[in-house]
Structure formats: C-alpha cells, structure tokens
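Residue strings, one per chain:
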Amino acid sequence: MKFSKRVTYMLLGFFLILTACFQYRGFLLLVYPNIGGGDTFVLQQLSESISDTSYAQWLIHPLSYMGLYPLSYPSGYPFHLSFLTVSTTLASSDVILLSDQLLAYLGVLLVFVITRRFKPREDLYWLCSLIAYTTMPHAIGNTLWTASARMPFTIFLLMLFFFIFQYYDTGKTKNILMILLIVFMLITLHRLMVFLIIIVFAMFLTKFWPWLKNRIRKKLDDSGMGEWLIIKENSTKIYLLFFMFILAFLVQLLPLSIYDTMKLWTSHYDSWFFNDGDVNLVTRMFNFAFELLTTLGFLQIFFILGLIALIKRELGKKTGKFLFFLMFFMTFFIAMPETYLYPIFIPMATFISGLGLMHFLGRAHLKKLAPFVLIGLLATSIFFAGYMEQYYLGRSELPIPESNYRVSMYVKYEMPVPFLSDEGYLASEISALGGNIPYMPAGGPTFPITSPQDLTFGFIDPDEMDVVLIDFMYITPNTDTVFAVTNVHSLGRWSSLMQNGINSTVLTDSTLRLLVTTSDEPKQIYFTRKYDSPLKEEVFIYRYKIYDDSYSGLGPKLWMLQPQTNFELDPKPVDLG
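Residues numbered from 1 in each chain as written. Predicted model: local features only at pLDDT ≥ 70, side-chain atom pairs only at ≥ 80, totals over all residues. Heavy atoms only, no water.

1. Describing the packing of aromatic side chains
Argument step 1. One pass over the structure, following the stated rule, counts 31 aromatic pairs.
Argument step 2. With centroids separated by 5.3 Å and ring planes inclined at 55 degrees, the aromatic side chains of Tyr69 and Phe483 adopt a geometry described as tilted. Pair noted here: Tyr69 is in the loop between α2 (40-53) and α3 (76-88) and Phe483 is in strand β4 (residues 483-485), with a separation of 414 residues, a long-range link. In this structure, Tyr69 and Phe483 share a single accessibility class: buried.
Argument step 3. Their ring planes at 55 degrees and their centres at 4.9 Å tell us that Phe540 and Trp559 sit as a pair that is tilted. Placement of the pair is Phe540 in helix α22 (residues 534-542) and Trp559 in strand β9 (residues 557-560), with a sequence separation of 19 residues.
Argument step 4. For Phe540, a relative accessible area of 22% translates into the label partly exposed.
Argument step 5. Since its relative accessible area comes to 7%, Trp559 is described here as buried.
Argument step 6. Positioned over the ring face of Phe118 is Lys317, at 4.8 Å from the centre of the ring. (Phe/Tyr/Trp six-rings, centres within 6.5 Å; stacked < 30°, edge-to-face > 60°. Helix = DSSP H or I, 4+ residues; strand = E, 2+ residues; numbered from the N terminus. Buried < 20%, exposed > 50% of the residue type's maximum accessible area, 1.4 Å probe, protein only. Lys NZ or Arg CZ within 6 Å of the ring centre and 35° of its normal.)

As structure tokens, then:
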C-alpha cells in the first residue's frame, strides 16, 4: 500500500500534533513548577556547574566522560543542557523543558524515516509503527519536563538504526563514519552503552552470515543433519527459531535461575504487581506482561505476531537479518526492569509491533475492515497512553511538591549555605532549584558512593582519591565501574553525620549549616527505610527552627545546625505562604 504525498504529510502532521497534545497536558495543565523526576535535579546541577565554571569538575580521567570512573557521570547530557542554557540564556529548568520538546518531536520524525527505509514499498508499516511509538507511555513519560539521559539515549539509538539501514541499502562508507560518531555519543550519554555490544554482534553476524551459513551447512551435511535443521528455508526453521526466542526469554523468569544467582533483574518481578505469596514462573510472567503493557503501550499485543513475521518474511534482506539477530540477543536481557530495558528496547518494540499490526491488518478477512480496525486501535492506544500519562504525572517525584519549591527559594535567597538533609531526593531538589547549593548526601537520586557532586561541591579533592581496580569476582552486569575509591564513601559520611549528635566532632569539623527535613520524627531516611538519628533528635531540642512551611503544614522544615555569623537568624518560623 502506497500513500500519496499529501496523505503522507497529513498523517505525519497528525502524529506530530498528537505528540504536542501529550506534551501540552504534561506541562501546561498542572500548577507550576512541573519539573520533576528521579535524575532531573542531579543532571540540572551538573549542567549548571558546567555553565558556571566553564568546565566539568568531575572529569578527572578519560573514563569520567563515560561515567566509568569513580565520582563521575556520563557527561553528554549535562554538556547538552549546559550548551542550551548558555546559548539561549534561559533558566536551566526551562532548558530541560525545551530539550524534552525537541526529543519528543525528533523521535516521531526518526521513526517515520527509519520505517520507510525498512519497507519503502509499504506505507502501512510506517503508519502502524508511528501509532505504536507516539502512544508509548514510556516515551511520553520521559519527555514530560524531566531530565533523564535515558530518552536522549533512545533518540540517538534511533539515529544509529537509521544509518545502519542506510549502510545496508547503499554500502557507502560515510554511513560507517556516522555510525561511529553516534556510537561515541551513546557512550557518553548513559551507562546503558554496554548494550551496544549486542548491536556490534548483530552487525557482525549480518555482515558475515553468508560465509557462516555455508560453513554451518557444510558441517551439518557432513553429520547428516543438513536436510532438516535451520539452514533450509522451510517451516522447521521458523518454528525452531521461534522456540529459541521463547526459551531465551523464559530462562530469565525461572525461579532460582542463573539470573537470580548472578543477582540480576529477575527478582524485580517476584511481587511487583501480582503476588500470590510464592515466587514462581506464573507470577513473574504476569508481572512482566503487565509492566511491558503499561510501559510500552497497548499495541505490544502485536509484538509476538511481528516477531513471527520478521522470521518468516524479512530474513532475506540485510535489514531484516540485522533486526533478527539484534532481537535474538536482546531476548536474553528482556526481563530487566523497565528503567534499564526500555531505553534500548523502545526501537525494537516500535519496529516489531508495527510489523505485527501491519500483517494483522493485511489478513484477507480484515482487508475491508482494516481502516475501521486501525482507527479503533489508534483511539484505544491514545486513551491508554493518556491514562498512563496521568500515572507518570502522579508519581511521588513528578512533579515536585510546591512546598519543596518554596523552601528552595527561601534557601536560595535567605540561607545559601551548605546543608544536610535526611532525604536524598529532597536535598537534590532544593539544591538544584536554589542555584546548586552544596548539600549532603551528595548523591540524591544517584548512587551516593559514586556521586560527581562530591567534586562539584568541593567536598573531595581529586588529588587525594585512592582509586583501585575492583576484584573481577565482584563485577556483575549491574556494576557501574570497574574502579573503586577506598578512602571516599559519601553514604558512609552522610550516615556518620546523621548518627552523631549536635556537638560531635564530625559535625563541628564540617561546613554544613542547616538540616532540612520533612518530619519532626527523630529518624533518618535512606530510600524508603527509616533509622534512628541522634542528630535529628538533638536538633529538635537544642537548635532553632528557622523555616516552617506553615502554608501547607506538610512541607520541609529548616533547622540551624551551627551558628552562622553572616546571617542574623530569627528563631521564629518563617511563613512564606
């Protein structure tokens, strides 16, 4: 099926408008400020430190650019945000909003051109793929005024697919140069770049498959098995390949599998949504299916059909072989939690689900009803995506509470001094919105042991770091770096501060001036667990509360830790409501 240019542009415009509608609901229909998300404020702080000092203070080793050295972070996205901040003179939070808009529309255009390259004679394919992508809750939720390197990683991954397909179609060397450039960008964007190895394997097999196929055929012929196994183009090959996909997937969800032994991701599905009190394959399957549906969208019900169509119909082309090999390798990692999987799986989910929907609509008994079925599926997908968007907006960290914004403004204009908090998320929000004020723990949403804020805030001198290689036996796929710092442990320093009283040497020797907390309970909070904190207990007795968000009664409170000569502290709570 081929559309006219007029119909093509009208449909593409429709999907761009649909994307704009999701973005509109995301940031205009809520009370300001709407910026939020787990990693948003850490990335905002890193980008602001570049803009303020003209260099990234955490880049102390070549591997720091990729976030593979202690106290570092993949630096591509902070540099991107800093460049937009300096060149547009906008506030960093507004730059994050602008960047998300660009990423949202760029993703739609990339899916359009890639799917047209994959099947240039079948316009129904790009139409089905665009429906799958534009209504994908994960793609929508990660462009709603939130800074996460995962979505830029996905967009550059789509660019990589485009130039790989270009190379297979034209064979021109310039496409190889673009592939290498984009791979470099991906390496500096996120630690998920380790999965680029899968893409390299897929490209290698696609390139040398004719030679490898002949070698395998000769070996099978010599053994008398060449008549019925995977080399011949027959139904046995189809069923065998599909069985291999199912086996590679199920082995990850089996209780007590090798993935559990290696402390990987399988336990994520033990009780995530469905929980019958026992860890078994059925529970994990239901949890995995529910997360797949709610994250990648309603049209993932056509994914298996698309995988079968890929095996049966597309293996004669290099692009089809590449997608097949890539999907097969990814099947061994498909049961990872959504935080890690979907930034790299979104392209595959789009291409294969679109292929499945196209072949579903192409069935003989559906051809006359295909337009009505397509419209119905589009409407259902839009409704489902809108419902899931509200879920993303309703999460605790997106958007930030208005009370947190008010206290950040108070700290920024009245008390811009280093502070301590019993909650990492709260500390990162207040610091970023208040102008990158130093705080502890210097990690927030990022791992406190490897936080680059230790360097940007000046808590640690890089010349004093004692860096060693990690023992190979302790390295897992979840390990962020093969290095460790033996004399620096932000989480340990933070815990020590919280566990000591007001007059302790640990606190007296620090530069911290304030304690920020949301509760008068003498507990410290590490992620979701609470622990007794002598510091909080004593600060309520022996120190002044200098700020209380009495406007809501539930917001953060500021307690003076040490006398500060630069400010005249009013012991009465301040009401900014």
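2. Quick notes on unusual backbone geometry
Argument step 1. Although it is not a glycine, Thr89 sits at a positive phi angle of roughly 60 degrees.
Argument step 2. Structurally, Thr89 can be placed in the loop between α3 and α4 (92-118).
Argument step 3. Under the relative-accessibility criterion, Thr89 is labelled exposed at 66%.
Argument step 4. With a phi close to 65 degrees, Asn436 is a non-glycine residue in the positive phi region.
Argument step 5. Relative to the assigned elements, Asn436 resides in the loop between α18 (424-433) and β2 (439-440).
Argument step 6. The class for Asn436 is buried, based on a relative accessible area of 14%.

3. Focus on the nonpolar core
Argument step 1. With 124 residues, the main nonpolar core has Phe161, Phe322 and Phe345 as its most contacted residues.
Argument step 2. Core analysis: the second largest hydrophobic core is formed by 18 residues, Phe419, Leu426, Tyr439 and Leu514 among them. (Core = buried A, V, L, I, M, F, W, Y, C linked by side-chain atoms within 4.5 Å.)

4. Quick look at the sheet that holds strand β1 (residues 419-421)
Argument step 1. Pairing in this open sheet of five strands is mixed, and the strands run β2-β1-β5-β9-β8 from one edge to the other. Of all strands in the sheet, those bounded by a partner on one side alone are β2 and β8 (545-548).
Argument step 2. Here three bridges tie β1 to strand β5 (residues 514-517), and the two strands are oriented parallel to one another. Residue pairing in the sheet places Leu420 in a bridge with Leu515 of β5.
Argument step 3. Where helix α17 (residues 402-414) meets the sheet, it contacts β8 and β9, and its direction lies at approximately 140 degrees from that of β8. (Pairing = 2+ DSSP bridges. Contact = heavy atoms within 4.5 Å. Axes fitted to C-alpha atoms, helices over the stretch in contact; angles between N-to-C directions.)

5. So, the side chain of Gln166
Argument step 1. Checked against the element boundaries, Gln166 lands in helix α7 (residues 150-170).
Argument step 2. Residue Gln166 is classed as buried on the basis of its relative accessible area, which comes to 15%.
Argument step 3. The contact partners of Gln166, leaving out residues within four places of it in the chain, are Arg117, Gly171 and Asn175.

6. Some thoughts on the environment of Leu180
Argument step 1. Its location among the elements puts Leu180 in helix α8 (residues 173-189).
Argument step 2. Here Leu180 falls in the exposed class, since its relative accessible area comes to 54%.
Argument step 3. For Leu180 and Leu160, which are 20 residues apart along the polypeptide, the C-alpha to C-alpha distance reads 9.0 Å.

7. Some details on the packing of helix α5 (residues 123-134) against helix α15 (residues 338-361)
Between two packed helices, what matters for the description is the angle formed by their axes and the separation of those axes.
Argument step 1. The N-to-C vectors of α5 and α15 enclose an angle of 130 degrees; their axes lie 8 Å apart at closest approach. Between α5 and α15, the angle falls in the class oblique. Like other packed secondary-structure pairs, α5 and α15 cross with a definite hand, here right-handed. Between α5 and α15, the contacting residues are Leu124, Tyr125, Cys128, Ser129 and Tyr133 on the first element and Ile346, Thr350, Phe351, Gly354, Leu355, Leu357, Met358 and Leu361 on the second.
Argument step 2. Taken together, the residues of the contact of α5 with α15 sort by class into ten nonpolar, three polar and no charged. (Parallel < 35°, antiparallel > 145°, perpendicular 65-115°, else oblique. Left-handed = near helix turned anticlockwise from the far one by under 90°. Nonpolar A, V, L, I, M, F, W, Y, C, P; charged D, E, K, R; others polar.)

8. Focus: a nonpolar patch on the surface
Argument step 1. The grouping of Trp272, Phe273, Phe274, Val282 and Phe286 at the surface amounts to a nonpolar patch, some 500 Å² of accessible area in total.
Argument step 2. The topology assignment puts Phe273 in the loop between α11 (258-261) and α12 (281-296).
Argument step 3. Among the residues examined, Phe273 registers a relative accessible area of 45% and is labelled partly exposed. (Patch = residues over 30% accessible without salt bridge, like charges linked within 9 Å, V, L, I, M, F, W, Y side chains within 5 Å. Areas by Shrake-Rupley, 256 points an atom, 1.4 Å probe, with all protein chains shown as cover. Salt bridge = Lys/Arg side-chain N within 4 Å of Asp/Glu carboxyl O.)

9. Side note on the environment of Leu315
Argument step 1. Of note, Leu315 is situated in the loop between α13 (303-313) and α14 (318-331).
Argument step 2. By relative accessible area, Leu315 is classed as buried at 14%.
Argument step 3. Each C-alpha atom, one on Leu315 and one on Phe325, is 9.9 Å from the other, the two residues being ten residues apart in sequence.
Argument step 4. Among residues more than four places away in sequence, those in contact with Leu315 are Lys237, Leu241, Leu310, Gly320, Lys321 and Phe324.

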